[in-house]
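Each chain, letter by letter, is given below.
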Amino acid sequence: MKIAKINECFKRFGELLVTYRWIWMFTMLAITIFCCAGLSKLKLVNDEESWFDNWEQVKKNQDHFEDIFGSTDSVMAHITADNVFDPEVLDMIKRLGDALLENVPYASSVTSLMDLEIPIGTEDGFEVANPFEDGIPSDPIELQKKKNFILSRESLVNNLVSDDAKETWLILNLEHYSETLEEAMNLITPPAMEVFNRPEFVSDAYIIRPAGFSYTEFEENKATEEQMVSRIAIGFCVMVICLIIFIRSLRGVIVPAIATVGAICSTLGASAWMGIEGNPSMLILTALLSMALAVGYAVHYINSFKLHFRQTGNRRQSIILGVQDSGWALLFTVITTMGGMLSFMAGGLRPMRWVGGITAAAVFMVFAYTMILLPCLLSFGKNRTPNPQFISSEGSTNADFVIERIGKAVLNTRWVTIMISVFIILVSVPALFKIQVNMNYSEMMGEKTPYIHRLMDICRSKLGSQYSYEVLVEYPEADAFKDPEKLKKLDILAERIGTLSMTKISGSKPRVSSVTKIVKEMNRVFNEDKPEEYRIPDDQAIISEDMFIYESSGGNDLYQYIDDSFSTTYLHVELSDYDADQCTQNMNQVEIWVKELFPDAETAGVVGEVMQYAVMNGKLVRGSIKSIGTSFVIIYVLLCLAFFSIHTGFIAMIPNIAPVFLIGAVMGWGHISLDMITAMCMPMILGIAVDDTIHFTNHIKFHFERTGSYRQSILNSYREIGKSMIMTTIILCAMFFIFCFSTMNALVRIGYLSIIGLASALVADYTLTPVLMYLTKPFGPEKNTKEI
């Protein structure tokens, strides 16, 4: 089908818009009001269930563990001082623990230097005692004895307190909660923050660094929300300012703003009416793409309108001709971008499917607002006498002719363009294989974010650790873990886990804890406190007796690691950092070792949301990669359908692959991991980049149908829409440039990768698209006549 015939259909649509403009505007207003009324019902949820496709099993395993041992979550304070046994520091630790215990929901107990349970040999035999049960000694000699005693305990040194006595942990243990993580952290974290921020806990003598899973998740959500909202808000302002500079039309500024806000609100409101739950962490993609496309659609239509208005002076005719010239290209960019976004449906995870569907809907609404409101609003106004200069130049300005001359230079040096393009591809391909698919939490967030800087300070310390997981081993029979062989296998497993890449090492000690530390500590006490007796006894009767004595003496720490039937136990493993790929590899290795050492166990394996999130991140990134591939296929098929040619579709696809290749090259050579943020950035850039390609290719085909000359068709296209392509790219790059000043590395990467992608897409459309069209002649052979 010829472009001219399609354009005639849009000409009739333009006539309907102008003739019935009030009806169109009131209809859009009514739809907007109805959809936005649903926003009060909108439910945005970012809980664990949204992210795990096997959530029921994950939740079942987690609940089973926590039913036995309590919550794996805790609120922690990493405390540093010249000497943590200084009376002022010890007094603060006691007061801080009491305050947290009193004020934080679900608080069950405190573990700290002031709340220890240590087995001690006495004249009567044995007792479990707290060295500071009677308070902090005023006598320095007595205090030094207690310090020396605590630092002599193998189970405590470089676990709870560092061997140089400069660091210690205060841990607020939490009860098992039935709420989701999001609900629980909103209950737990604010009162904990209030306690930590009290003036009484601020001193030059020590530094308190709060941590804990729910605590830092709360901080992450707040920091991410603040950065995303501020970047989008500032980006929106930059968009408006750039439109004022380039468009110099009040209506041309108002409509993109309305289209952006209206499309997002209407789409979310409509989804709320349908009872669809959303995910707030994914909305940035919808917002960014809506702003970008609102700019692109408005600039292309307004410049087309101005081109005809300068030439004819007739407002109604120019509006209709603007719709006729740009309508089909704009509609098809909508279809291809929607196709690219719907490719997220292939990602598998619910938030990806949601953001794909909601963004595709928002893209269509941006188009509807732009193509209805702009012509209707522009129709209000007077005609004017056309300038003779523009009549002879067919509405083109001096800037348009400069761009046309650029087009001539490109065609005259077409083989240079081909050679440069081939060189860029050759340089890019090796870099693509250097990209690592991974999510490193600290690298993604960056230390400019205050709480990340604090967490990294903790992780770099001797005791510091932010994340942990558990390895559960469960037997059906009681007293299974009074068997010395099973306890020794636990120690073997602990030693092996200590060699893994993500296990935290304090001094030379791996941070792996289990019930064996209590068994070994008691064996040492019953053997004249000899350090070499810090081991597991070979006799089951001795182990049973030791455990009974420990329990009878009032010790509670035993049941932190083993159930009361002695059939189920676990190892607690602390991580040095959070690298999703390394965590997944570690977890897989642990699963192998557990099956090897405990083949007859009823239940055995890794438990903990941290490791499950590592697996989920891998699925998310792989899903995003799959969606990128799917979007390429969808857009290619749609381009073939649009131009009724497999050949033309392939030619039009090449310039859109170029930005993705270049982004990949930058990531590969720059050692930037492909994580959930960068992976989702690529389909967005592809969705924006394909717009200019469609406009350019569509104009070339339209003019070729009229002139029969590829060269003339290409030059006409440069002159008519080349300026619009530059303007949209500059505005979008300015919007994304704001992201480069974020404190979050992930948003900074969105900024500069988007700028690289958009700029390279413009260069590819300005050079590669016309050269390939000129050389391959996808619309058939040239004709001798100049006008057909």
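Scoring rules and cut-offs
- Note that residues are indexed from 1 along each chain, following the sequence as it is written.
- pLDDT decides what is reported in this predicted model: residues at 70 or higher carry local features, side-chain atom pairs at 80 or more are listed and counted, and totals for whole chains, interfaces and linings draw on all residues regardless.
- To obtain the side-chain values, all non-hydrogen atoms of the structure were used and water was disregarded.
- Labels follow the DSSP assignment, with helices taken as runs of H or I lasting at least four residues and strands as runs of E lasting at least two, numbered in each case from the N terminus.
- Relative accessible area decides the class of each residue, using a 1.4 Å probe on protein chains only: under 20% of the type maximum gives buried, over 50% gives exposed, and in between gives partly exposed.
- The criterion used for residue contact is that any of the two residues' heavy atoms lie within 4.5 Å.
- Computed with a 1.4 Å probe, the accessible areas rest on the Shrake-Rupley method; for each residue, only the protein chains presented here act as cover.
- Asp and Glu count as negative and Lys and Arg as positive, but His and the ends of the chain are not part of the count.
- Lys charges are placed at NZ, Arg charges at CZ, Asp charges at CG and Glu charges at CD.
- By the convention used here, strands pair only if DSSP detects at least 2 bridges between them.
- The axes used here are C-alpha line fits, helices contributing only the stretch in contact, and every angle between their N-to-C directions lies in the interval 0 to 180 degrees.
- Take the residue count of a helix, subtract one, and multiply by 1.5 Å to get its expected span.
- Between rings of Phe, Tyr and Trp, where Trp is taken as its six-membered ring, a pair exists when centres lie within 6.5 Å; planes separated by under 30 degrees are stacked, by over 60 edge-to-face, and by other angles tilted.
- Here, a charge over a ring means that NZ of Lys or CZ of Arg falls within 6 Å of the ring centre while also lying within 35 degrees of the ring normal.
- Put simply, a patch holds well-exposed residues, over 30% relative accessible area, that have no salt bridge, with like charges counted together within 9 Å and Val, Leu, Ile, Met, Phe, Trp or Tyr side chains within 5 Å.
- What makes a salt bridge here is a side-chain nitrogen of Lys or Arg within 4 Å of a carboxyl oxygen of Asp or Glu, nothing more.
- Helix crossings are classified by the rotation of the near helix relative to the far one: an anticlockwise turn of less than a right angle makes the crossing left-handed, while a clockwise turn makes it right-handed.

Visitor: Please provide a residue-by-residue account of the overall build of the chain, values included.
Guide: The secondary structure content of the chain amounts to 27 helices and 12 strands. When its C-alpha atoms are laid out on the principal axes, the chain stretches across 115 × 50 × 45 Å. Considering the chain as a whole, with its 788 residues, one finds that 58% of them fall into the buried category. Of the contacts formed within the chain by residues at least 6 apart in sequence, a portion of 81% connects residues at least 24 apart. When the accessible surface of the chain is totalled, it reaches about 31700 Å², and 59% of it is carbon and sulfur. Between the centroid of the 64 positive side chains of the chain and the centroid of its 88 negative side chains there is a distance of 20 Å.

Visitor: How would you explain the sheet that holds strand β5 (residues 167-174) if you had to name every residue and give the values?
Guide: One open sheet accounts for 4 strands, arranged β2-β5-β1-β6; its pairing is antiparallel. What marks the edges here is a single partner per strand, and that holds for β2 (107-111) and β6 (206-211). Neighbour-to-neighbour, the strand axes of the sheet open up by a mean angle of 20°, direction not taken into account. With 6 bridges connecting them, strand β1 (residues 74-81) and β6 associate as antiparallel partners.

Visitor: Before we move on, can you summarise the environment of Pro 781 with the specific residues and values?
Guide: On the secondary structure map, Pro 781 appears in the segment after α27 (745-776). Distance in space between the C-alpha atoms of Pro 781 and Gly 708 is 8.1 Å, their sequence separation being 73 residues.

Visitor: Any chance you could break down helix α25 (residues 676-707) for me, citing the residues and the numbers?
Guide: The periodicity of an α-helix, 3.6 residues per turn, causes residues three or four places apart in sequence to face the same way. For α25, spanning 32 residues, the distance from its first C-alpha to its last is 48 Å, which sits close to the expected 46 Å at 1.5 Å a residue. Counting buried positions over the 32 residues of α25 gives 31, a clear majority of the element. Downstream of α25 by a residue or two, Gly 708 has a phi angle that is positive, lying close to 75°.

Visitor: Break down unusual backbone geometry for me, citing the residues and quoting the values.
Guide: The phi dihedral of Asp 479 is positive, around 65°, even though this residue is not glycine. The exposure class assigned to Asp 479 is partly exposed, which follows from its relative accessible area of 35%. A positive phi is found at Phe 566, a non-glycine position, where the angle reads about 60°. Assignment of secondary structure puts Phe 566 in the loop between α21 (558-561) and β11 (568-574). When its relative accessible area of 5% is taken as the criterion, Phe 566 is described as buried.

Visitor: Explain the sheet that holds strand β10 (residues 512-513) to me, and be specific about the residues and the numbers.
Guide: What the 4 strands build is an open sheet, ordered β10-β11-β7-β12; its pairing is antiparallel. Unpaired on one side and paired on the other, β10 and β12 (603-607) mark the two borders of the sheet. Of the pairings in the sheet, the one linking strand β7 (residues 468-474) to β11 comprises 7 bridges and is antiparallel in character. For Val 473, the partnering residue across the bridge sits in β11 and is Thr 569. Sheet strands touched by helix α18 (residues 484-497): β7, β10 and β11. Its angle to β11, the strand with the most contacts, is close to 20°.

Visitor: Hey, could you go over the packing of aromatic side chains for me, with residue numbers and the actual values?
Guide: The geometry of an aromatic ring pair comes down to the distance between the two centres and the angle between the two planes. Following the criterion strictly, the structure yields 21 aromatic pairs and no others. Ring centres 5.2 Å apart and planes at 45° place the aromatic pair Phe 65 and Phe 69 in the tilted group. In this pair, Phe 65 and Phe 69 both sit in helix α4 (residues 55-69), 4 residues apart, roughly one turn of the helix. On the basis of relative accessible area, Phe 65 is assigned to the buried category, the value being 2%. Aromatic rings pair up to connect Phe 65, Phe 69, Tyr 561 and Tyr 570 into one cluster. The ring of Tyr 774 has Lys 777 sitting right over it, with the charged end atom 5.1 Å from the ring centre.

Visitor: Describe the pairing of β7, naming the residues involved and giving the relevant values.
Guide: Most of β7 sits out of view: 7 of its 7 residues are buried. As judged from the 5 bridges shared by β7 and β12, these two strands associate in the antiparallel manner. Within the sheet, the bridge partner assigned to Leu 472 lies in β12 and is Gly 605.

Visitor: Tell me about a nonpolar patch on the surface, and name the residues and values.
Guide: Taken together, the side chains of Trp 415, Val 416, Met 419, Ile 420, Phe 423, Ile 424, Val 427, Trp 669 and Leu 775 present a nonpolar region at the surface, about 900 Å² in accessible area. The greatest single-element share of the nonpolar patch, amounting to 7 residues, is contributed by helix α15 (residues 414-432). You can see Leu 775 is positioned in helix α27.

Visitor: Can you lay out the packing of helix α9 (residues 250-273) against helix α12 (residues 350-378) for me, pointing to particular residues and giving the numbers?
Guide: At a minimum axis distance of 8 Å, the contact between α9 and α12 shows a crossing angle of 140°. Judged by the sense of rotation from one axis to the other, the crossing of α9 with α12 is right-handed. Residues Arg 251, Gly 252, Val 255, Ile 258, Ala 259, Gly 262, Ala 263, Ser 266, Thr 267, Leu 268 and Ser 271 of α9 form the contact with α12, whose participating residues are Trp 354, Ile 358, Ala 361, Ala 362, Met 365, Val 366, Tyr 369, Thr 370, Leu 373, Leu 374, Leu 377 and Leu 378.

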